[in-house]
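One-letter residues, chain by chain:
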Amino acid sequence: MVFPTHRPRRLRRSALMRDLVRETVLTPDDFIYPLFVQEVSDRPEPIESMPGQMRHTIDSLKAEAEAAAEDGVKAVLLFGIPEVKDEDGSQAYADDGIVQRAVRALKHEKLPQVVFCDVCMCEYTSHGHCGRIRDGDVDNDPSLELLARTAVSQARAGADVVAPSDMMDGRVDAIRQALDEKGFEQVAILSYAAKYASAFYGPFREAAGSAPQFGDRLSYQMDPANVREALKEVEADIDEGADMVMVKPALSYLDVISQVRDMTDLPLAAYNVSGEYAMVEFAAKAGALDRERIIREVLLSIKRAGADLILTYHAREAARWSRIG
Ligand code: PBG
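Bear in mind the structure is a predicted one, so any value in this text is a computation, not a measurement. (Residues numbered from 1 in each chain as written. Predicted model: local features only at pLDDT ≥ 70, side-chain atom pairs only at ≥ 80, totals over all residues. Heavy atoms only, no water.)

Colleague: Please give an account of unusual backbone geometry that cites residues and values.
Modeller: The phi torsion of most residues other than glycine is negative, and most of the peptide bonds are trans. The omega torsion across phenylalanine 3 and proline 4 is 10°, close enough to zero to call that bond cis. Of note in this structure, aspartate 135 is not a glycine but carries a positive phi near 50°. Along the polypeptide, aspartate 135 turns up in the loop between strand E6 (133-134) and strand E7 (137-138). What makes aspartate 135 exposed here is its relative accessible area of 76%. Of note in this structure, methionine 167 is not a glycine but carries a positive phi near 70°. The residue methionine 167 is located in the loop between strand E8 (161-164) and helix H5 (171-181) in this model. (Helix = DSSP H or I, 4+ residues; strand = E, 2+ residues; numbered from the N terminus. Buried < 20%, exposed > 50% of the residue type's maximum accessible area, 1.4 Å probe, protein only.)

Have a look at this one:
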């Protein structure tokens with residue numbers, strides 16, 4: 001079908017017509033709102049590299065989660081920033097650790113919100129790596145026990161979903177077994193299945209004080225050049241019992257999202273990470289672009305690529321805009 005019989009512009013003539021033929025629609029059900037909670041200060045602290053985001057206290061976290069629920073956000077994902085870090089990241093699995101206390105506080109509020117907890121060691125270890133160190137590298141198998149303990153303690157505190165972001169081999173299996181053994185067979189796992197060694201995590205590492213103190217994460221997070229390897233990672237995590245899988249970051253990896261979408265029917269999440277957020281916020285501050293339109297376009301592109309769920313620091317606004325009525 002060619003011009004002049006075919007004229008694609010016929011379907012773009014009015015807003016009503018465009019509404020009718022739109023293929024992708026954002027709704028508040030799409031968003032998970034990542035939040036930082038700290039015990040270092042008794043005041044919420046702004047995160048300079050992520051304008052508009054805070055390192056919360058438990059009180060300000062409760063207020064933020066409640067405000068987000070009013071905006072229509074149905075899920076939050078928690079990151080903890082402990083006062084004390086040590087070699088094995090023991091505050092990650094302490095029953096009175098910052099995240100565990102935060103989950104209990106949120107659950108006490110009975111908000112209509114699913115609570116996800118990030119499972120990783122890097123915010124809790126003195127060296128800033130995502131597991132136990134041996135000979136200058138992260139030792140995979142002994143790290144699994146630390147991760148499993150962390151997930152169990154989060155489940156015990158009331159987490160609905162645990163989300164391992166460490167990229168150790170076999171961690172989904174280790175976490176599933178540990179949860180089941182302790183009677184938490186109903187707690188779901190969202191695995192950061194294809195997580196790349198990305199410079200887009202820069203602002204997050206400033207926020208969480210989790211930058212590696214030596215070396216980098218290239219021996220465990222994925223090489224940004226690879227996509228077939230992402231499919232292998234996703235397949236492994238599904239076999240090990242992941243209930244949902246994630247691609248991270250989102251924007252430079254839309255092709256990965258799309259290919260993972262084609263290989264699995266499990267719910268697929270994508271993480272619109274801190275550096276992607278910072279680019280939008282700082283460019284908007286400089287007057288270089290229309291902030292609101294950019295946010296919509298970014299989120300739409302991630303969903304169009306195939307994500308069912310989007311982790312985004314813009315969740316509150318996006319939920320407000322995408323509410324019907
Ligand atoms: C912890 C973790 C990171 C992020 C989520 N979980 C940082 C990292 O791997 O260095 C990044 C989130 C973001 O940048 O918004 N491993």
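Colleague: Lay out the environment of methionine 17 with the relevant residues and their values.
Modeller: Position of methionine 17 among the secondary structure elements: in helix H1 (residues 15-21). According to the relative accessible area criterion, methionine 17 is partly exposed, its value standing at 32%. Methionine 17 has contacts with Arg10 and Leu11, leaving out every residue within four places of it along the chain. (Contact = heavy atoms within 4.5 Å.)

Colleague: Give me the lowdown on the site of the ligand, citing residues and values where you can.
Modeller: Around the ligand, the structure places 18 residues, and the nearest of them are Lys195, Arg205, Lys248, Ser274 and Tyr313. Separating a nitrogen atom of the ligand from a side-chain N or O atom of lysine 248 is a distance of 3.3 Å. Starting from 400 Å² of accessible surface for the ligand in isolation, the protein chains cover 100%. More than half of the atoms of the ligand fall within 2 Å of the grid points belonging to the largest cavity. Here the shell around the ligand is composed, by residue class, of nine nonpolar, three polar and six charged. (Near = heavy atom within 4 Å. Polar contact = N/O pair within 3.5 Å; in protein donor to acceptor, adjacent residues only side chain to side chain. Areas by Shrake-Rupley, 256 points an atom, 1.4 Å probe, with all protein chains shown as cover. 1 Å grid on protein atoms, 1.4 Å probe; cavity = no way out; pocket = protein on both sides within 12 Å on 5 of 7 lines; lining within 4 Å. Sits in = over half its atoms within 2 Å of the grid points. Nonpolar A, V, L, I, M, F, W, Y, C, P; charged D, E, K, R; others polar.)

Colleague: Just give me the short version of the pairing of E8, but keep the residues and values in it.
Modeller: Successive side chains on a regular strand alternate, one facing one side of the sheet and the next facing the other. With burial as the criterion, each face of E8 is covered, one bearing Val161 and Ala163 and the other bearing Val162 and Pro164. The sheet contact formed by strand E5 (residues 114-119) and E8 spans four bridges and is parallel. If you follow cysteine 117 over to E8, its bridge partner there is valine 162. Relative to strand E9 (residues 188-195), E8 runs parallel, the two being bridged by two bridges. Counterpart to valine 161 in the pairing with E9 is alanine 188. Where the polypeptide runs from E8 across H5 and back to E9, its parallel neighbour, the crossover connection is right-handed. (Pairing = 2+ DSSP bridges. Right-handed = clockwise from strand over helix to strand, strands pointing away.)

Colleague: Would you mind going over the packing of aromatic side chains in detail, with residue names and values included?
Modeller: One pass over the full model with this rule turns up eight aromatic pairs. Arranged with centres 6.2 Å apart and planes meeting at 5°, the rings of phenylalanine 36 and tyrosine 313 form a pair that is stacked. Of the two residues, phenylalanine 36 is situated in strand E1 (residues 31-38) and tyrosine 313 in the loop between strand E12 (309-312) and helix H11 (315-322); the sequence distance between them amounts to 277 residues. Ring plane angle 40° and centroid distance 6.2 Å describe the contact between tyrosine 192 and tyrosine 271, whose orientation is recorded as tilted. (Phe/Tyr/Trp six-rings, centres within 6.5 Å; stacked < 30°, edge-to-face > 60°.)

Colleague: How would you explain the environment of isoleucine 133 if you had to name every residue and give the values?
Modeller: Structurally, isoleucine 133 is set in strand E6. In this view, isoleucine 133 contacts Glu87, His127, Val138 and Phe214; residues no more than four positions away in its chain are not counted.

Colleague: Requested: an account of the side chain of histidine 129, with residues and values cited.
Modeller: By the element assignment, histidine 129 lies in the loop between E5 and E6. Side-chain polar atoms of histidine 129 contact the backbone oxygen of phenylalanine 214, separated by 2.8 Å. Once residues within four sequence positions are removed from consideration, histidine 129 is found in contact with Met121, Cys122, Val138, Pro212, Phe214, Asp216, Arg217 and Tyr220.

Colleague: Tell me about a positive patch on the surface, and name the residues and values.
Modeller: On the surface, a cluster of positive charge is made up of Arg7, Arg9, Arg10 and Arg12. For arginine 7, the position within the fold is in the segment before H1. You can call arginine 7 partly exposed: its relative accessible area is 40%. (Patch = residues over 30% accessible without salt bridge, like charges linked within 9 Å, V, L, I, M, F, W, Y side chains within 5 Å. Salt bridge = Lys/Arg side-chain N within 4 Å of Asp/Glu carboxyl O. Lys, Arg positive; Asp, Glu negative; His and termini not counted. Charge placed at Lys NZ, Arg CZ, Asp CG, Glu CD.)

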